[in-house]
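Structural description and commentary
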Amino acid sequence: AQFVESGGGLVQVGGSLRLSCAPSSTGIIFNIYNMAWYRQAPGQARELVAEISTGEAPNYADSVKGRFTISRDNKKKTLYLQMNSLRTEDTAVYFCNFGAPVLDSFRDEHWGPGTLVTVSS
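To keep things clear, this report deals only with the structure shown in the data block. Residue numbers here run from 1 along each chain, matching the order of that chain's written sequence. With the structure being a predicted model, the display of local features is reserved for residues of pLDDT at least 70 and the display and counting of side-chain atom pairs for 80 or more, all residues being used for whole-chain, interface and lining totals. Only hydrogens and water are set aside when side-chain values are computed; all heavy atoms of the structure are taken into account.

1. Overview of the pattern of salt bridges
Pairs can form between side chains of opposite charge once their charged atoms are near each other. Salt bridges are counted wherever a side-chain nitrogen of Lys or Arg sits within 4 Å of a carboxyl oxygen of Asp or Glu. Tallied over the entire structure, the rule returns five salt bridges. The residue Arg 39 makes a salt bridge to Asp 90 at a minimum N-O spacing of 3.0 Å. With Arg 39 in strand β4 (residues 35-40) and Asp 90 in the loop between β8 (78-83) and β9 (92-98), the pair connects residues that are 51 residues apart, well separated along the chain. Asp 90 shares its class with Arg 39; the two are buried. A salt bridge links Asp 62 to Lys 65; its shortest N-O distance comes to 3.2 Å. Linked through salt bridges whose partners overlap, the residues forming this network are Arg 39, Glu 47, Arg 67 and Asp 90. Every helix listed is a DSSP run of H or I at least four residues long, and every strand listed is a run of E at least two residues long, numbered separately from the N terminus. Only protein chains enter the calculation, and the probe is 1.4 Å; a residue is then buried if its accessible area is under 20% of its type maximum, exposed if over 50%, and partly exposed in between.

This is the structure:
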């Protein structure tokens, strides 16, 4: 099963977007995993943006601290990313997937198509 992301779009600098992500099938036991948002900008490697533990403790990349908020709804098996004060450097395709400490090979089986966020000046 893959994750399916939604909520991306075109927004101006300083604007906000809320991304959502859910597994494409019911086979994933969502609530037992730490979950994370990642992003990949054109020509760059995928990077970790934010992570949330099973106990809902968040952790953020320095570049988004104070602007992004990660949350999860285990009953709905849905992960969220509220993005405020967006900057042009936030332009990227955003993905959700398992956070640490799963093996990369396991995570690789679950990448979805991502959702494109474009921040224009």
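2. Observations regarding the packing of aromatic side chains
Ring pairs are drawn from Phe, Tyr and Trp, using the six-membered ring of Trp, whenever the two centres fall within 6.5 Å, and their geometry is named by plane angle: stacked under 30 degrees, edge-to-face over 60, tilted for the rest. Inspection of every chain in the model, using the stated rule, returns six aromatic pairs. Ring geometry for Phe 95 versus Trp 111: centroids 5.8 Å apart, planes at 80°, classification edge-to-face. With Phe 95 in strand β9 and Trp 111 in the loop between α1 (104-108) and β10 (115-120), this residue pair connects regions lying 16 residues apart in the sequence. On the basis of relative accessible area, Trp 111 is assigned to the buried category, the value being 14%. Linked through ring pairs, Phe 3, Tyr 33, Phe 98 and Phe 106 together constitute an aromatic cluster. Geometry around Phe 95 places Arg 46 over its ring, the cationic atom sitting 4.6 Å from the centre. Its guanidinium or amino end placed over the ring of Trp 111, Arg 46 lies 3.6 Å from that ring's centre, counting from NZ or CZ. Geometrically, a charge over a ring is one whose NZ (Lys) or CZ (Arg) sits within 6 Å of the ring centre while staying within 35 degrees of the ring normal.

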